[in-house]
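Structure at a glance
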Amino acid sequence: MTTLIVCIKRKPGLSPEDFTRHWQDRHGPLLRSCSDFTRHLRSYTQHVLADRDSSVAKLFGVSGDYDGVAVLDFRSEAAMRQAFAEPAYMADVQPDEANFVDLENCQSFVTNPSPVVASGQGLFDLSGKTAVVTGGAKGVGAMISRSLLAAGARVLIVARGSPENRAFAQALDADGSCTLLAHDLSTSEGIDEAVAAIAAEASDVHILVNNAGTFTAAPIDAITPAQWDRELGVNLRAPFFLVQGLLPQLTAAARDGDPARVINIGSIAGLWAKSSSAYAYSAAKGGLHQLTRALASDLTRQRINVNAVAPGFFPSDMTDGFFTAVPGLKEQMIEGIPAERLGSEADIGGAVIFLASRAGAYVSGSILPVEGALWAA
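Read on for an overview of the structure. (Residues numbered from 1 in each chain as written. Predicted model: local features only at pLDDT ≥ 70, side-chain atom pairs only at ≥ 80, totals over all residues. Heavy atoms only, no water.)

A few points about the overall build of the protein
Tallying secondary structure elements over the protein gives 14 helices and 11 strands in all. C-alpha extents for the protein along the principal axes are approximately 85 × 40 × 40 Å. Put simply, the protein has 377 residues, and 45% of those count as buried. When the accessible surface of the protein is split by element, carbon and sulfur atoms take 53% of a total near 18100 Å². Placing the 30 positive and 40 negative side-chain charges of the protein at their respective mean positions leaves the two points 3 Å apart. (Helix = DSSP H or I, 4+ residues; strand = E, 2+ residues; numbered from the N terminus. Buried < 20%, exposed > 50% of the residue type's maximum accessible area, 1.4 Å probe, protein only. Areas by Shrake-Rupley, 256 points an atom, 1.4 Å probe, with all protein chains shown as cover. Lys, Arg positive; Asp, Glu negative; His and termini not counted. Charge placed at Lys NZ, Arg CZ, Asp CG, Glu CD.)

Okay, structure coming up:
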């Protein structure tokens, strides 16, 4: 996150009351209505000078003669630059500033904020963090990418370079905070190339979400060795070697009290003893859950937390595969879920943000079911 602080002096001849009225009642709504500008913001706060003679304020000295302070929190430095270059801002908002501001006698600063005491909302703030999401352009992965981006993170999506995946990443990349790295994680070469591409984009990786997966279901006598090897390769092998390859970047991001995070997306299929004819998939996800615990036992002391989320049924290509493989499964599942619905973006996104943020800094080695009590209850 990048913050712009503007100390504002009112236009000569304008009373303090008229300045406040124009700034809050006209300019604020005008800026708020400029969506091309506000899409780059995380927040904008107007601070009107309340007590120029405050004894507490005088403890820190008196500097300048200002009437208000505007604090604009942008998603990134690139977002800030883009916001002020938006044609809509320059045409509709900027001209109004001369109506109430002494533009020659204001003072402004660009800062990199570092919270010391955070509000409850700050517990889930990912501003300034870089997150890698494998398979982050479809289904549950897309939900996670959007959620991390909304929480303030820069997101690197590792996925195949299909037109659909590129379009998804481009739609999120309003201010340079979402990038698609096109790589195939089903091969050792593809994993190595992905690691190199991530390292070139980010020296620090604060969050690694191993979400990429593949699923097939078939009768036990119809499964081929190639299918089995591919599913274990993408669902289990790739997460381990991505962690291995990105250890330097994860270590660089790790801090006391704010560890780097590895979040493996497992599955309810790795928790319960129902095959749904998805033998390789359930074995791989069960293995991923155990790998999560094993990695946590070694990496937590290195300030890298490792956890897994085990989703139940969410709208996605993969669950569509389950439902296609077993006719009537969707209706049966919804009927059997105590929450009486499929999962939503807020459900999976909230779980990942919790584990990735300050709120989850003391959690490592856990398997978090997000399944509406289908398995847990």
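Let's pick the thread back up.
Brief notes about a nonpolar patch on the surface
On the surface, Val 56, Leu 59 and Phe 60 cluster together into a nonpolar patch covering about 400 Å² of accessible area. When you line up the elements, Leu 59 lands in the loop between helix H3 (55-58) and strand S3 (68-74). A residue is classified by how much of its surface remains accessible, and Leu 59, at 68% relative accessible area, is exposed. (Patch = residues over 30% accessible without salt bridge, like charges linked within 9 Å, V, L, I, M, F, W, Y side chains within 5 Å. Salt bridge = Lys/Arg side-chain N within 4 Å of Asp/Glu carboxyl O.)

Side note on unusual backbone geometry
Positive phi outside glycine occurs at Glu 340, with the angle close to 60°. Looking at the element boundaries, Glu 340 is found in the loop between helix H13 (329-336) and helix H14 (345-356). The class of Glu 340 is exposed, set by a relative accessible area of 64%. With a phi close to 70°, Ala 373 is a non-glycine residue in the positive phi region. Position of Ala 373 relative to the elements: it lies in the segment after strand S11 (367-370).

Points about the sheet that holds strand S4 (residues 107-111)
If you trace the 4 strands from one edge of the open sheet to the other, you get S2-S3-S1-S4, paired in antiparallel fashion. Either end of the sheet is taken by a strand with one partner, and the two such strands are strand S2 (41-48) and S4. Each strand axis lies, on average, 10° off the axis of its neighbour in the sheet, ignoring direction. Relative to the sheet, helix H1 (residues 16-32) contacts strand S1 (2-8), S2 and S3, its axis offset from that of S2 by approximately 170°. (Pairing = 2+ DSSP bridges. Axes fitted to C-alpha atoms, helices over the stretch in contact; angles between N-to-C directions. Contact = heavy atoms within 4.5 Å.)

Some remarks on the environment of Val 234
Mapped onto the elements of the fold, Val 234 is located in helix H9 (residues 225-245). On the accessibility criterion, Val 234 (8% relative accessible area) is buried. Along the sequence, Val 234 and Gly 245 sit 11 residues apart, while their C-alpha atoms lie 15 Å from each other. With residues up to four places along the chain from it excluded, the contact list for Val 234 reads Ser 186, Ala 212, Gly 213, Thr 214 and Pro 239.

Things to note about the sheet that holds strand S10 (residues 304-311)
The 7 strands are arranged S7-S6-S5-S8-S9-S10-S11 in an open sheet whose pairing can be described as parallel. Every interior strand has two partners, whereas the edge strands, strand S7 (178-182) and S11, have only one. With strand direction ignored, the average angle separating the axes of adjacent strands in the sheet is 20°. Bridging between strand S9 (residues 260-265) and S10 involves 6 bridges; their strand directions are parallel. Looking at the pairing, Arg 261 lines up with Asn 305 of S10. The sheet contacts of helix H8 (residues 188-201) involve strand S5 (130-134), strand S6 (154-159) and S7, and relative to S6 the element is tilted by about 160°. Its contacts with the sheet place helix H11 (residues 279-299) against S9, S10 and S11, and it is angled at close to 160° to S10.

Quick look at the state of the cysteines
Using the criterion set out here, one finds 0 disulfides in the structure. Here Cys 7 stays free of any disulfide, with the sulfur of Cys 106 as its closest cysteine sulfur at 8.5 Å. The exposure class of Cys 7 is buried, given its relative accessible area of 14%. Of all cysteine sulfurs in the structure, the one in Cys 106 sits closest to Cys 34, which takes part in no disulfide; the separation is 20 Å. (Disulfide = S-S within 2.5 Å.)

Things to note about the nonpolar core
The biggest cluster of nonpolar side chains holds 33 residues, and the ones touching the most others in it are Ile 144, Leu 148, Ile 157, Val 209 and Ile 263. Among the secondary structure elements, those contributing two or more residues to this core are S5, helix H6 (139-150), S6, helix H7 (163-172), S7, strand S8 (207-210), S9 and H14. With near-sequence residues (within four places) excluded, Ile 157 lies in contact with Val 133, Gly 136, Ala 137, Ser 145, Phe 168, Ala 169, Cys 178, Thr 179, Leu 180 and Leu 181. Counting residues in hydrophobic clusters, the runner-up holds 30 residues, among them Ile 191, Ile 198, Ala 238 and Ala 254. (Core = buried A, V, L, I, M, F, W, Y, C linked by side-chain atoms within 4.5 Å.)

Points about the packing of aromatic side chains
Enumeration according to the criterion identifies 10 aromatic pairs in this entry. Ring centres of Phe 19 and Phe 100 lie 5.9 Å apart, and the angle between their planes is 40°; this geometry places the pair in the tilted category. One end of the pair, Phe 19, is in helix H1; the other, Phe 100, is in the loop between helix H5 (87-97) and S4, and 81 residues separate them in sequence. The exposure class of Phe 19 is buried, given its relative accessible area of 1%. Ring geometry for Phe 37 against Phe 74: centres 6.0 Å apart, planes inclined by 75°, an arrangement best described as edge-to-face. One end of the pair, Phe 37, is in helix H2 (residues 35-38); the other, Phe 74, is in strand S3, with 37 residues separating them in the sequence. (Phe/Tyr/Trp six-rings, centres within 6.5 Å; stacked < 30°, edge-to-face > 60°.)

What about the pattern of salt bridges?
Tallied over the entire structure, the rule returns 12 salt bridges. A salt bridge links Asp 67 to Arg 10, with the shortest nitrogen-to-oxygen separation between them at 2.5 Å. Of the two residues, Asp 67 is situated in the loop between H3 and S3 and Arg 10 in the loop between S1 and H1; the sequence distance between them amounts to 57 residues. Taking the relative accessible area as the measure of exposure, Asp 67 reaches 6% and is therefore buried.

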